[in-house]
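Structural overview for review
As a plain string of letters, each chain reads:
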Amino acid sequence: MTQPAPTMELVQDPEDRDTYYMNMGPQHPSTHGVLRLRLHLDGERILDVDPVIGYGHRAHEKMAENRDYLQFLPNTSRIDYLSGMIYNLGYCQAIEKAMQIEVPERAEYIRIICGEMNRISSHLLWFGTYLLDLGGITAFLYAFDDREKILDILDSVTGSRLTYNYGRFGGVSMDVDDTFLRSVADFSEYFRKRIEEYHKLVTHNVIFRHRTRGVGVMGADLALDYAVTGPCLRAAGIASDVRKDEPYGIYDRFDFDVVTAEGGDCFARHMVRMGEMEQSLGIIEQAVRDIPEGPVLAPKVPKRIRPPEGEHYFAVEAARGHFGMYIRSDGTDVPVRQKLRTPSFVHVSTMPAVLPGTMLADTVAILGSIDIVIPEIDR
Amino acid sequence: MSEVSSDLALAGVQSSTDIDFDERGLQHRHEALAGDMPVVAGAFRAAGYCLEHITCLDLRQVEEVAGFRVDYQFNRIGSPVDRHVVQVKVGETETATSIASVYPGADWYEREVFDMHGVLVDGHPNLKRLLMPEDYRGYPLRKDFLDEDPERHQMSGVVVEAEAAQEDVADGEDEA
Amino acid sequence: MTGLFQLFPNPWIGLAAATGAVMGFITVNALFLIWLERKVSARMQRRYGPTEVGPFGLLQTLADMLKLIGKELITPDHVHRPLYLIAPVLVFAPLLALLSLVPINEGWVFHDFDIALVLLLAFSGLNVIGIFAAGWGSNNKYALLGAVRAVAQNISYEIPLLLAVIPIVLMTRSLSLHEIASAQSYPFILVQPLAFIIYFISATAETNRAPFDIPEAESELIAGFHTEYSGMRFGAFFLAEFTNMVIVCAVATILFLGGWKGPLLPGWLWFFLKVYGLILVMMVFRWTFPRLRFDQLMTFAWAILVPLALVNLLLTIVVLKL
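Along each chain, residue indices are assigned from 1 in the same order as the chain's sequence is written. To label them, take the chains in the order written and letter them from A, then take the ligands in the order written and number them from 1. Per-residue local features of the predicted model are confined to residues with pLDDT of at least 70, and side-chain atom pairs are confined, for both listing and counting, to 80 or more; whole-chain, interface and lining totals are unaffected and use all residues. Calculation of side-chain values draws on the structure's entire complement of heavy atoms; hydrogens and water are dropped beforehand.

1. A few points about the overall build of chain B
To keep it simple, the criterion reads: Secondary structure elements follow DSSP: runs of H or I of four or more residues count as helices, runs of E of two or more count as strands, with numbering from the N terminus. Working definition: with a 1.4 Å probe on protein chains only, accessible area under 20% of the residue-type maximum means buried, over 50% means exposed, and in between means partly exposed. Working rule for contacts: check all heavy atoms of both residues, and any pair within 4.5 Å makes them a contact.
Looking only at helices and strands, chain B has six helices and seven strands in total. Order of helices (α) and strands (β) in chain B, N terminus to C terminus: α-β-α-β-α-β-β-β-β-α-β-α-α. Taken over 176 residues, chain B has a buried fraction of 55%. Sequence-distant contacts in chain B: of pairs separated by 6 or more residues, those separated by 24 or more amount to 50%.

Below is the structure:
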């Protein structure tokens, strides 16, 4: 009978005078939340790393088992608060697929616009904090300035700035007006120029290149071993994106590229995310151009959400990667089990494979480049 | 039928069903025994499939299962999507078998299965708790989970009848 | 020229006057520079910086300093008390000595040593001891890492610093700051641009300013070697950093930019304009560039700056011989 492993004890071998253990986190400016990395170091080189998670565990999956599907809807934004809109709308779409609810056209377009704006704001935050970690503090403020614009636009229609509860089963809760569409179009025009500026200031900066080129290579083999998804996967050259592989909503109507890069290093991940922001702008522009008139909520949504018995799975492309919801229903109001498959969980678990051999300063660069959000890991 | 199906049959899956993707988001469901999982996982790995996640369900109250069930989800990388779920029944005193030697990504998922449901995983390199503190007692995602700390337990919203009875007694004492 | 020190009848009074003046300057300078840094960084980052306290927020630093002085001096339990307590002093003290060597105008210098440059470079190497005492004495792995990096960095960048200064010495055949400044009928930067660049980069590294601020890398090591310091002890490190900036830029001005020379305006005004101009450049550096990784920093010093400085020195020698 397998016994669980013994609890962690102080492991410093008194005979070992050459290496030492150091804690990074859980309170640390660069771990992007409450993540603890137990590092085994030889000078500045990392020999081993043991990530300790769970500091942000809020029992979302347990909550799902004690609430009905509509009551769980506000939780979804909080799982990954930076792509809150995508998670929220994704959950709605999961339930709609299970219940075979048809969503009006206008709502689908609004979802696309809001989802992609959310993706841009999440990538902007990543960009700002990444540069902050590397020491280029000014970029943080520039990125947040742009992010404010997105947050203001989304605030005007949803009422929230970060954790949105905008989706409803069958559509979205509020219609958007022409002011919204115009501000979205204006933002898109403005932001295209800003991306150019960011490329000039950051991507072409020699110190930035030195810090990120060849650092933290996550190759294609890691994709198979760990199921790495999202920009981390695309930076290794694999063109896989949930929006193209299993299109949901009306993504199949939009013309956009899956941005990839070669090398799988931090620089490649940076380039993928910058490219993704541009692609999102393209999608938004197409959506604003083509959005039809109509209702934003399906006319006949069942009062009681009771998905058919058995397992359901639904995946969306969140800012960080493949977010999946595995729901086991027994035909009642409350799910038997709702598993949230989050991308950052996998990405942090790759750290013991990626970090050893790198230097301490690289840890910060690599952690920043994989773009993790701790609440998503701990749920 | 998927390209992997023949390999899976060889690897020892017990039964396979095709599912409508548009209804369920899955394409195939298989059942397997815990001991066969490494070989099954190997078959998927050889075909270039990745492990999307491992989950456990507490189905001890469900007649057909009467125990835990560990679900492994595999998928092709890229398109077209070909999602397989392999379901492994694990009785209350039985153990699952680790596939961490085949898929290193399974390491943390199996730790979480142990942490949340108390299902031990044979052959796991480092079976410690993942989300809860290491010295925590109890398995939170079990249906009969009772937190040691009664106050914390009340706040989680799970109400058990025996407990409700105890509350009435306590209220009576307070009034007196 | 033997300096203003000679004007005092009693050397002890002279010493007291010098110390007083230097301390006064350090305080006012820090007040001004901190305000300048906050304003410059703010404007670069599309925000305002301090605006409330005093006109243009000028009294903000004073308010912050008063607050800092009023803080409880906490000594953590686990530190090595002698080292921990003496480190701020060791970092700060050499700078006091150095400021008295700097000539502000023709004849305006406390003591005109004829080896002032050597003294200056020697003393500025002393602050490394203070940094290491801080890191080691704090008994904290993060602080130790910061201190180790600081020591390696400071020692490494002293070589190109020295090598960049030697051509000037060869040209003027003097080690006295006053003489070097007086000898510049045209600023030496015009004939030694490479030396200036090497000197300026090395100087930025010596003062632990970004992009060379690894020892106090906020995002990696919390606060590097001064992690365990708070209150006025932290203030001492802070003051030391800003004073070091002034000294280093003052030396650059004297060696390369002609010191107090310039048309129309009084000499001391030119001097301060040049010094603070260079400081402004240092500040812009800080808020523009990301941080270099430690080994890249060392590679830059040893594999790039030192060879360049040597080549420059060689060229200078050859040209002077001809």
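2. Observations concerning the pairing of strand β4 (residues 67-76) of chain B
Residue and element names in this part refer to chain B. Note the following rule: Paired strands, in this sense, are two strands between which DSSP finds at least two bridges.
With nine of ten residues buried, β4 is to be regarded as a mostly interior element. Inspection of the sheet shows strand β3 (residues 49-59) paired to β4 by ten bridges, in the antiparallel sense. Considered in β4, the bridge of C56 is made with V70. By the bridge criterion, seven bridges tie β4 to strand β5 (residues 84-90) in an arrangement that is antiparallel. Bridge pairing in β5 places R69 opposite K89.

3. A short note on the interface of chain A and chain C
How we decide: By buried area we mean the combined loss of accessible area, with a 1.4 Å probe, across both parts when two parts are placed together. For salt bridges, the criterion is a side-chain nitrogen of Lys or Arg within 4 Å of an Asp or Glu carboxyl oxygen.
Between chain A and chain C, the contact holds 34 residues from the first and 25 residues from the second. Interface of chain A and chain C: buried area, both sides summed, is about 2,600 Å²; carbon and sulfur atoms make up 57% of it. Counting across the chain A and chain C interface gives two salt bridges. Close ionic contact of R46 of chain C with D145 of chain A constitutes a salt bridge, the shortest N to O distance being 2.8 Å.

4. Thoughts on the packing of helix α1 (residues 11-44) of chain C against helix α10 (residues 231-256) of chain C
All names here are of chain C. For the record, the criterion: In this analysis, axes come from line fits to C-alpha atoms, helices being fitted only over the stretch in contact, and the angle between any two N-to-C directions falls in the range 0 to 180 degrees. An angle counts as roughly parallel when it lies under 35 degrees, as roughly antiparallel when it exceeds 145, as roughly perpendicular when it falls between 65 and 115, and as oblique in every other case. In the scheme used here, Gly and all other residues not listed as nonpolar or charged are polar, with Ala, Val, Leu, Ile, Met, Phe, Trp, Tyr, Cys and Pro taken as nonpolar and Asp, Glu, Lys and Arg as charged.
Where α1 meets α10, the axes come as close as 9 Å, and the angle between the chain directions of the two elements is 90 degrees. Comparing their axes, α10 and α1 come out roughly perpendicular. Residues F25, I26, N29, A30, L33, I34 and E37 of α1 form the contact with α10, whose participating residues are F238, L239, F242, T243 and V246. Looking at the contact of α1 with α10, its residues break down into nine nonpolar, two polar and one charged.

5. A look at the environment of R337 of chain A
This is how it is decided: We define a polar contact as two N or O atoms separated by no more than 3.5 Å, with the added condition that, inside protein, one atom must be a possible hydrogen donor and the other a possible acceptor, whereas residues neighbouring each other in sequence contribute only through side-chain atom pairs.
Of note, R337 of chain A is situated in strand β8 (residues 337-341). Between the alpha carbons of R337 of chain A and D290 of chain A there is a distance of 39 Å; along the sequence they are 47 residues apart. What R337 of chain A contacts, discounting residues up to four positions off in sequence, is E61, E65, Y326, I327 and R328 of chain A together with T55, C56, L57, H117 and L141 of chain B. Polar side-chain contacts of R337 of chain A include one of 2.7 Å to the backbone oxygen of C56 of chain B.

6. Comments concerning helix α3 (residues 84-99) of chain A
All names here are of chain A. Counted only if it meets this: Take the number of residues in a helix, subtract one, and multiply by 1.5 Å to get its expected span.
The terminal C-alpha atoms of α3 lie 23 Å apart, and with 16 residues this matches the ideal 22 Å at 1.5 Å per residue to within 8%. In terms of burial, α3 is largely enclosed, as 16 of its 16 residues are buried. Where α3 terminates, the next one or two residues include Q100, which has phi positive at roughly 55 degrees.

7. Quick look at the side chain of H322 of chain A
Mapping H322 of chain A onto the fold places it in strand β7 (residues 321-329). Engagement of the side chain of H322 of chain A in a polar contact is seen with the side chain of Y313 of chain A, the distance being 2.8 Å. Non-local contacts of H322 of chain A, meaning those with residues more than four positions away in its chain, are made with T229, V242, E246, Y313, A315, V316, R341, T342 and P343 of chain A together with E52 and R83 of chain B.

8. Quick look at a negative patch on the surface
Let me state the cut-off plainly: Each patch is built from residues lacking any salt bridge and having more than 30% relative accessible area; the joining distance is 9 Å for like charges and 5 Å for nonpolar side chains (Val, Leu, Ile, Met, Phe, Trp, Tyr). Accessible surface area values rest on a Shrake-Rupley calculation with a 1.4 Å probe, where residue burial reflects the displayed protein chains alone. The charged-residue count follows a simple rule in which Lys and Arg add positive charge and Asp and Glu add negative charge, with His and chain termini not counted at all. By convention, the point assigned to a charge is CZ for Arg, NZ for Lys, CD for Glu and CG for Asp.
Residues E309 and D330 of chain A together with E63 and E64 of chain B make up a contiguous surface patch of negative charge. Its location among the elements puts D330 of chain A in the loop between β7 and β8. Classification of D330 of chain A as partly exposed rests on a relative accessible area of 34%.

9. Observations regarding the packing of aromatic side chains
Inclusion rule: Between rings of Phe, Tyr and Trp, where Trp is taken as its six-membered ring, a pair exists when centres lie within 6.5 Å; planes separated by under 30 degrees are stacked, by over 60 edge-to-face, and by other angles tilted. Charge-over-ring contacts are defined here by two conditions on Lys NZ or Arg CZ: a distance within 6 Å of the ring centre and an angle within 35 degrees of the ring normal.
All told, the structure shown has 35 aromatic pairs over all chains when counted by the stated rule. When the centroid spacing of 6.0 Å and the interplanar angle of 55 degrees are considered together, the rings of Y91 of chain A and F169 of chain A count as tilted. A residue pair is termed long-range when its members are at least 10 positions apart, and Y91 of chain A in helix α3 and F169 of chain A in the loop between β4 (167-168) and β5 (171-172) qualify at 78 residues. Neither Y91 of chain A nor F169 of chain A differs from the other in exposure class; each is buried. With 5.0 Å between their ring centres and 40 degrees between their planes, F345 of chain A and Y109 of chain B make a pair best called tilted. Taken as a pair, F345 of chain A in helix α12 (residues 343-349) and Y109 of chain B in helix α4 (residues 106-117) lie in two separate chains rather than in one. For the pair F345 of chain A and Y109 of chain B, one class covers both residues: buried. An aromatic cluster of at least three residues, connected via ring pairs, comprises F25, F32, W35, F271, F272 and Y276 of chain C. When the ring centre of Y103 of chain B is taken as origin, the NZ or CZ atom of R45 of chain B, which lies over that ring, is 5.8 Å away. The lysine or arginine in question, R129 of chain B, covers the ring of F114 of chain B, its NZ or CZ lying 6.0 Å from the ring centre.

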